[in-house]
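Residue-level structural notes
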Amino acid sequence: MKPRPEYYDYTYDMFIASIDGEQSEASRFSDWIDAAERDGVYAFEAPRLEGQKTMVHARRNDGTPLHLLNFSSYNYLGYGMHREVIDAAKAALDQYGLGACSSPVQAGTNELHKALEQQLIEFVGLPGRGVSLFSSGYAVNTGTISALMKRRHHIVIDKSAHMSILEGAQLARSKVHYFEHNDADHLKKILEEIAPTASRILVCTEGVFSADGDYGALDKIVPLAKSYGAQVLVDEAHSFGLCGKQGRGVAEELGVLDQVDYLVVTFSKALGGIGGAVITRHEIARYINWYARCRMFSCALDPAVTAGVTKALELAGGSDGAARRTRLQHNAAVLRGALEGHVNTGRSRSWIVPVIYGPENLSIPLADWLQRHGLDGSVMSFPAVPVNEARIRLFVTSEHDETQLQQCADIVRGAAVELEFTITKKGTP
Ligand SMILES: Cc1ncc(COP(=O)(O)O)c(C=O)c1O
């Protein structure tokens, strides 16, 4: 039998530690990529030759052409490729030029930003609230949390929350606590312990969790946190524009939207652009505008994207958005149905469909196998997910058709047989 190449045993932490001046961790990491590329199994960073459609042309770094079923883009409603969205962005490009070229608290704010703020408030149906815009969803969390929370404060985070929330808490240097994923009883225990002496507590959770595709138990967590005097941040990166009666997200769907203190949204998912915002009390948004360091000391959101995102939001708030959301829900159910019972799709109930195969050392050959069989699905390993819970993460969009959904399921099921991670009964992650 052919010996297994060493680079299959890659884990992220292998290349972190090194204190020498030559940055040997970087050269060892680079050698690792070279070895995988030499054997033709490095499937990451293959450049795309077109935008995020449901089928895309791409190219391996060795020149091999690829035509892939695209299940690795979170252009969930297809707005990133929508004609009217692109036209709005083009018009802004002509009028305002390429970049905002200044901090938003200086000369970087333009009328387009103001229009987007207004549109966001209308979309979420929370008149009187304020908006703070950022140039990425990641920056919304790091900037907001570190602006609001100080050393002696407490931040309580769901264990499955996104890295940007954890990093925001690190920057704040507050006391950080983690509650078991979606576990209101565990959260209660922590709050009981800290609430009597804490001056400020922030509980952070998500609408749809990005690695598992399950919903945050917001109907339990939000009122519980409030009953202990805590404030609540809900990151709706993967749910804003996608669920709830008006498309406002999971907080809307579970009836707690008006209780959320910090509603975090990104523009890179349902709206197909880039950037993000926190929607909060008017005076707090003003404070964040000045005290979120990654906002104050960084360039404002670029004009073309701002106009494109505003158009996408307008469409998402009307019948077009409603129709796309219906298709998205349908498509997600079709893909989950075609996979369940064959592979482990964990606790997904959304358009993020994980296929949990387990050991990290399958990630390199599996990513390669999928790509060579025509499927682009994101492969995720530790530390993005717990050890031994590596997974393919499939993003369903409203634009996939039935044939593409079935083809995707067929390829994944084929991979499971070939690389031996089939299940006969749906397991738990
Ligand atoms: C839950 C969550 N929050 C924030 C982000 C960062 O958003 P962006 O990629 O728009 O910066 C992501 C990214 O996927 C995410 O999954």
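Conventions adopted
- Residues numbered from 1 in each chain as written.
- Predicted model: local features only at pLDDT ≥ 70, side-chain atom pairs only at ≥ 80, totals over all residues.
- Pairing = 2+ DSSP bridges.
- Helix = DSSP H or I, 4+ residues; strand = E, 2+ residues; numbered from the N terminus.
- Core = buried A, V, L, I, M, F, W, Y, C linked by C-beta atoms within 7 Å.
- Buried ≥ 20, exposed ≤ 12 C-beta atoms within 10 Å, placed from the backbone.
- Domains from an automatic or database assignment.
- Contact = placed C-beta atoms within 7 Å.
- Near = placed C-beta within 6 Å.
- Nonpolar A, V, L, I, M, F, W, Y, C, P; charged D, E, K, R; others polar.
- pLDDT = per-residue confidence, 0-100.
- Axes fitted to C-alpha atoms, helices over the stretch in contact; angles between N-to-C directions.
- Parallel < 35°, antiparallel > 145°, perpendicular 65-115°, else oblique.
- Left-handed = near helix turned anticlockwise from the far one by under 90°.

Observations concerning the sheet that holds strand β11 (residues 375–376)
- The strand order across the open sheet built from 3 strands is β1-β2-β11, with neighbouring strands paired in mixed fashion. The sheet is open, and its two borders are formed by β1 (55–59) and β11, each paired with just one other strand.

Here's the deal with the nonpolar core
- Residues Leu202, Val203 and Leu263 are the most contacted members of the largest nonpolar core, which totals 121 residues.
- Take this core: its biggest share by element is 8 residues, from helix α11 (residues 303–316).
- Of the domains in this structure, domain 1 (23–70 + 320–418) and domain 2 (83–316) are the two that each give at least three residues to this core.
- The residues touching leucine 263, leaving out its near neighbours within four places in the chain, are Val124, Val234, Glu236, Ala251, Val278 and Ile279.

Some thoughts on the site of the ligand
- Taken together, 14 residues lie near the ligand, and Gly137, His162, Ser210, Ala237 and Ser268 sit nearest.
- Looking at the shell around the ligand, the element that brings in the most residues is helix α4 (residues 137–148), giving 3 residues.
- The residue inventory of the shell around the ligand, partitioned by class, reads 2 nonpolar, 10 polar and 2 charged.

A closer look at unusual backbone geometry
- Following phenylalanine 382, the chain continues into proline 383 via a peptide bond in cis, with omega recorded as 10°.
- Checked against the element boundaries, proline 383 lands in the loop between β12 (378–380) and β13 (390–395).
- In this model, glutamate 45 sits at a positive phi of 60°, which is unusual for a non-glycine residue.
- For glutamate 45, the location among the structural elements is in the loop between α1 (24–38) and β1.
- When the 8 C-beta atoms within 10 Å are taken as the criterion, glutamate 45 is described as exposed.

Overview of the domain arrangement of the protein chain
- Taken domain by domain, the protein chain holds domain 1 (23–70 + 320–418) and domain 2 (83–316).
- Centre-to-centre, using C-alpha coordinates, domain 1 lies 27 Å away from domain 2.
- Across the contact, 17 residues belong to domain 1 and 14 residues belong to domain 2.
- Residue assignment for the side of domain 1 that touches domain 2 shows that the elements contributing at least two residues are α12 (319–339) and β10 (352–358).
- For the side of domain 1 that touches domain 2, the element with the most residues is α12, which contributes 4 residues.
- In terms of residue class, the side of domain 1 that touches domain 2 is made up of 8 nonpolar, 4 polar and 5 charged.

Digging into the confidence of the model for the protein chain
- Residues with a pLDDT of 70 or more make up 98% of the protein chain, whose mean pLDDT is 95.
- Confidence drops under a pLDDT of 50 for residues 425–429, and excluding neighbours within four residues, the segment shows 10 contacts in the predicted structure.

Some thoughts on the pairing of strand β2 (residues 65–70)
- Both β1 and β2 contribute to a ladder of 5 bridges, which runs antiparallel. Pairing of valine 56 across the sheet is with leucine 68, part of β2.
- The sheet contact formed by β2 and β11 spans 2 bridges and is parallel. Each bridged residue has a counterpart across the sheet, and for asparagine 70 the counterpart in β11 is aspartate 376.

Some words on the sheet that holds β12
- Here we have 3 strands laid out as an open sheet, ordered β10-β13-β12, and antiparallel in their pairing. The sheet is open, and its two edges are formed by β10 and β12, each paired on a single side. Pairwise comparison of adjacent strand axes, ignoring direction, gives a mean angle of 25° for this sheet.
- Strand direction decides the pairing type here: β12 and β13, joined by 3 bridges, are antiparallel. Each bridged residue has a counterpart across the sheet, and for serine 378 the counterpart in β13 is arginine 393.

Quick notes on the environment of methionine 149
- Checked against the element boundaries, methionine 149 lands in the loop between α4 and β4 (154–158).
- Linking methionine 149 and leucine 171, residues 22 residues apart in sequence, is a C-alpha distance of 9.2 Å.
- Excluding residues that lie within four positions of it along the chain, methionine 149 makes contacts with Ile155, Ala172, Ser174, Arg200 and Leu202.

So, the pairing of β13
- For β13, a buried count of 6 out of 6 residues is recorded, marking the element as mostly surrounded by other parts of the structure.
- Residues Ala390, Ile392 and Leu394 line one face of β13 and the alternating positions Arg391, Arg393 and Phe395 line the opposite face, and both faces are buried.
- With 6 bridges joining them, β10 and β13 adopt antiparallel strand pairing. For valine 355, the partnering residue across the bridge sits in β13 and is isoleucine 392.

Some details on the packing of α12 against helix α14 (residues 402–418)
- Closest axis-to-axis distance for the α12/α14 pair is 9 Å, and the angle between their directions is 30°. When the axis of α12 is compared with that of α14, the two are roughly parallel. Viewed along their axes, α12 and α14 form a crossing whose handedness is right-handed. Residues Asn331, Val334, Leu335, Ala338 and Leu339 of α12 lie in contact with α14, whose contacting residues are Glu402, Leu405, Gln406, Cys408, Ala409 and Val412.
- Among the residues making up the contact of α12 with α14, the classes are represented as 8 nonpolar, 2 polar and 1 charged.

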